[in-house]
Each structure stands twice: as C-alpha cells, then as structure tokens.
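Single-letter residue listing:
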Amino acid sequence: MAKSPETEHPQKAIGWAARDNTGTFSPFHFSRRETGADDVTIKILFCGICHSDLHCARNEWGVTNYPIVPGHEIVGTVTKVGNNVSKFKEGDKVGVGVLVASCQKCESCQQGLENYCPNMILTYNSIDRDGTKTYGGYSDLIVVDQHYVLRFPDNMPLDAGAPLLCAGITVYSPMKYYGMTEPGKHLGVAGLGGLGHVAVKIGKAFGLKVTVISTSPKKESEAISKLGADAFLVSSDPAKVKAAMGTMDYIIDTVSAVHSLAPLLGLLKVNGKLVTVGLPEKPLEVPIFALVGARRLVGGSNVGGMKETQEMLDFCAKHNIAADIELVRMDQINTAMERLAKSDVKYRFVIDVGNSKLQ
Ligand code: NAP
Ligand code: ZN
C-alpha cells in the first residue's frame, strides 16, 4: 500500500493545502525527503502568492492533483546541506522558484533553459523522481537539489524579494530573449498585478518608457508616483486607446483572464512585439490581420532557467528592485486568494511563513 504524505519521507512538514476545486486552504501534515548528497534543506520564511497558485488551487487549468500545497516564490534559510553541496552552507539566505528538477541532459537543460526541459519537475503539483508528489512553499520546510536553489543577494529584503523568484524572472527573461531592453523604446505592460508591477520596475531599470495598460483606473496614480511608470492607459477608455495606437515597441501581457489580443496589437508600431506570459484558462485568439498587416510578432515565455534567474536577482539587487507586497499570515490565505481573484492586491501577497501559526 502507498504510504501517506505524512509518513512517506523522514522529515516532518506542515503546510496549507487545497483539497478540491473550491480552492479552500487548511492545514496539511506531510513530509519531505531526507537531505540527499546534492540537497539543500531550507526553513521557509516567506512565500509569495502567484496567480498560478490560484489557477491551480481551483483547478482552472484542469491539471491539479489534490491535495495541493502551492507556492513557488520561496525564501528561507539553509538548515542542512548534503555532502556534495559546495554552493551553500547552513544559515545562507536562499530562494526557490518554479522548478526543483530537470533532466540535465536535453538540449534545453544544456543551454541553461531548464524551464523548457520536457521532464522538468515543478515545485508543486508534479511527480518527483522518487514517485512522490511535490509540495510547494506554503509550508515550513523544503528539500531541493542545490542546482535549483538561488543565492539571495545580501541587500535584497527577504519578504519583498520573494516574488522575484517567479514574477521577476517571468518578465525579465522574455525582455532579454526578445530584445525588449533597448533604452528609450516604449514598453506597454498589460495587467498591473504581481507580474505587471515588477515588469514596470524592470522596464524602467532597462531605460524604457513604460505605459501600464490596465482595467483598473484606481491603480493609475500609484502606478506613476510609486512604481515609476511614465503613463497609464485604461483599456476601457476608447479615446485614450485610440490616441495610443501604433505607439509601442513592445508589450508584455500579464493578464490572467481570457481577453482579446487585438486591442493590444493595435497599440504596437510596425515590427512591434507582444509577449504573453499570462496563462488564462482558455486559449486566446490570434488576430491574424493585426500581425500580418504590420509585421508584428506574438511570443510566449515560461519563467526562466537557473542561471538567468540568478542573473535577474542580482540585477534587481543592483537596481534596488523588489516587489510591493502585502504581508499576510498563513491563516489569511483564503481571504488573500479571494482578493487576488478580484485583482485587489498591491501588488503581491507574501505569506510570512516564519511568523505564522501553521496548525
Ligand atoms: P495577478 O497579480 O492577478 O495580475 C493579473 C492582472 O491581470 C490583474 O491585476 C489585472 O490587472 C489583470 N486582469 C485580471 N483579470 C482581467 C480581465 N478579465 N481582463 C483584463 N485584465 C485582467 O496575477 P499574476 O500573479 O501577475 O499572474 C498573471 C498571469 O501570469 C497568471 O495567469 C499566471 O498564471 C501567469 N504566470 C505565468 C508565468 C509564466 O512563466 N509564463 C509565471 C507566473 C505567472 P489590472 O487591474 O491592471 O487590469
Ligand atoms: Zn508563479
């Protein structure tokens, strides 16, 4: 008979899990594997709440294997290292993002693109190499192969830095890959949530002119005064949208819900690039005339590889970039999820795991 999550491994752990598609969280006892030769065991201090956690908790993508303990914006301190671990020692501040293993042999892995390995293992809702399920950062500890552990820069706040491990790399990687970093060019950021607000900050650090494209007029003043955006376009304002047509070089689309790409493509210049990173539960239509008529491009991107994630953390540390967060305790996750579903967060919830009562 298969062992229970609580007894299958030797290290006791406690987290909060959703058990069905209501996505309601409650305490969950489980276990973590022994610290292997290449492993780092981490006491989790903070974990960001990504919209992907909400999609998964509610089974919006149809792939959730309950019970699920989400969380892939993990920051903590190293408590144990295996014999082969040279990169980290006890007490180090470290991060873990969206993936915890990959094959290390395929073309993607060899290019440092572990995030495109067909056999990558996600931090939660995946089956690990030993056949057990992976559970994420809404929990007190995690054991991860050192290759998938990031060094957290000294001057980076642990709580506000946590969201960079998913939100940060998800916007940084496509900006680099698709050549969306030329100073002075005009970047549109669609959706001002967790990913979007970090995209504004990273865009400014690259020297871009940044316009937020949003459904929420009430986010305007802060987007400009606090986040540093140059302009704010309310997508439901036809006159302003018309005036902005054909003015943008690049758009990064972080919208979490089904939406039309046509108005966004219309904002791009000839040769403009739209990169979608949001993952709505249903496919989007590609408005082919808007592409063909102006040699525009639509691309996608999925987080980033380990080397690039470290590069992004160091870049953000250098430019004093961290997320704007609302810190919550573990027992406030259900309320936080309700608010996240309504785009009512400034701009990322982070769970203060270290100071939460977990059961
Ligand atoms: P989030 O904080 O909820 O932000 C999403 C934003 O989208 C909202 O704040 C809202 O911005 C806008 N929005 C929501 N519903 C909308 C609608 N019906 N129409 C138009 N705009 C709408 O979510 P997030 O954590 O940033 O994640 C965003 C998406 O990226 C999710 O689908 C997530 O799963 C995905 N994701 C992908 C990757 C990847 O590797 N590709 C990584 C992480 C997350 P306004 O209020 O400004 O309109
Ligand atoms: Zn995420």
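As the structure is a computational prediction, the values presented were derived from the model and not from experiment.

Hey, could you run me through a nonpolar patch on the surface in this one?
On the surface, Val286, Ile288, Phe289 and Val292 cluster together to form a nonpolar patch covering roughly 470 Å² of accessible area. Positionally, Val286 belongs in the loop between β14 (268-276) and α9 (288-292). A relative accessible area of 46% places Val286 in the partly exposed class.

Teacher, can you tell me more about the sheet that holds strand β15 (residues 297-300) here?
Sheet strands pair by backbone hydrogen bonding; their relative direction is either parallel or antiparallel. Strand order in the open sheet made by the six strands is β12-β11-β10-β13-β14-β15, with parallel pairing throughout. Edge positions in the sheet fall to β12 (231-234) and β15, since each has one partner strand and no second. Across the sheet, the mean angle separating the axes of adjacent strands is 20° when strand polarity is ignored. Direction of pairing for strand β11 (residues 209-214) relative to β12: parallel, over a ladder of four bridges. Within the sheet, the bridge partner assigned to Ile213 lies in β12 and is Leu233.

Any chance you could explain the UniProt feature "domain: Enoyl reductase (ER)" (unreviewed entry) in the protein here in plain terms?
With numbering aligned to this structure, UniProt lists the feature "domain: Enoyl reductase (ER)" (unreviewed entry) at residues 23-351. End-to-end, the C-alpha atoms of residues 23-351 are 17 Å apart, and along that stretch the chain is 26% helix and 26% strand.

So what exactly am I meant to see when it comes to the site of ligand 1 here?
Taken together, 29 residues lie around ligand 1, and His51, Thr215, Ser216, Lys219 and Arg348 are the ones closest in. With respect to ligand 1, the side chain of His55 contributes an N or O atom lying 2.8 Å from an oxygen atom. Every element with two or more residues in the shell around ligand 1 is listed here: α1 (51-57) and α5 (194-205). Of the residues belonging to the shell around ligand 1, the class tally is eleven nonpolar, 16 polar and two charged. Shared between two domains, the shell around ligand 1 holds at least three residues of each, these being domain 1 (11-152 + 324-352) and domain 2 (167-300).

In this structure, what is going on with α5? I would like to understand it.
Turn by turn, an α-helix covers 3.6 residues, leaving residues three or four places apart pointing in a common direction. Here α5 contains twelve residues, and its C-alpha end-to-end distance of 17 Å stays within 8% of the 16 Å for a straight helix at 1.5 Å per residue. Within α5 the residues assigned to the buried category are Gly194, Leu195, Gly196, His197, Val198, Ala199, Val200, Lys201, Ile202 and Gly203. As for α5, its buried residues are in contact with α4 (167-177), β10 (186-190), β11, β13 (248-253), α10 (306-318) and β17 (348-351). Where α5 ends, the next residue or the one after it, Gly207, has phi of about 90°, a positive value.

I would appreciate a short explanation of the coordination of the zinc ion (ligand 2) in the present structure.
Around a metal, the idealised angle for a tetrahedral arrangement of four donor atoms is 109.5 degrees; for an octahedral arrangement of six donor atoms it is 90 or 180 degrees. Distances from the zinc ion (ligand 2) to its protein donors, Cys50 (SG), His72 (NE2) and Cys166 (SG), fall within 2.0 to 2.2 Å. In primary-sequence terms, the residues that donate to the zinc ion (ligand 2) follow C-x21-H-x93-C. Pair noted here: Cys50 is in the loop between β3 (39-49) and α1 and His72 is in the loop between α1 and β4 (74-81), with a separation of 22 residues, a long-range link. Comparing Cys50 with His72 shows no difference in burial state: the two are buried.

Just checking my understanding: could you explain the pairing of β14 for this structure?
The side chains of a regular strand alternate, residue by residue, between the two faces of the sheet. Of the strand pairs in this sheet, β13 and β14 are connected by five bridges, and their pairing is parallel. Note that in β14 the partner of Ile251 across the bridge is Leu274. Running through helix α8 (residues 262-267), the crossover from β13 to the neighbouring parallel element β14 is right-handed. With four bridges joining them, β14 and β15 adopt parallel strand pairing. Bridging across to β15, Lys273 finds its partner in Leu297.

What counts and what doesn't
Residues numbered from 1 in each chain as written. Chains lettered and ligands numbered in written order. Predicted model: local features only at pLDDT ≥ 70, side-chain atom pairs only at ≥ 80, totals over all residues. Heavy atoms only, no water. Patch = residues over 30% accessible without salt bridge, like charges linked within 9 Å, V, L, I, M, F, W, Y side chains within 5 Å. Areas by Shrake-Rupley, 256 points an atom, 1.4 Å probe, with all protein chains shown as cover. Salt bridge = Lys/Arg side-chain N within 4 Å of Asp/Glu carboxyl O. Helix = DSSP H or I, 4+ residues; strand = E, 2+ residues; numbered from the N terminus. Buried < 20%, exposed > 50% of the residue type's maximum accessible area, 1.4 Å probe, protein only. Pairing = 2+ DSSP bridges. Axes fitted to C-alpha atoms, helices over the stretch in contact; angles between N-to-C directions. UniProt positions renumbered as here; feature names shortened; annotations may be inferred. Near = heavy atom within 4 Å. Polar contact = N/O pair within 3.5 Å; in protein donor to acceptor, adjacent residues only side chain to side chain. Nonpolar A, V, L, I, M, F, W, Y, C, P; charged D, E, K, R; others polar. Domains from an automatic or database assignment. Expected span 1.5 Å × (residues − 1). Contact = heavy atoms within 4.5 Å. Donors = N, O, S within 2.8 Å, 3.2 Å for Na, K, Ca; no water. Right-handed = clockwise from strand over helix to strand, strands pointing away.

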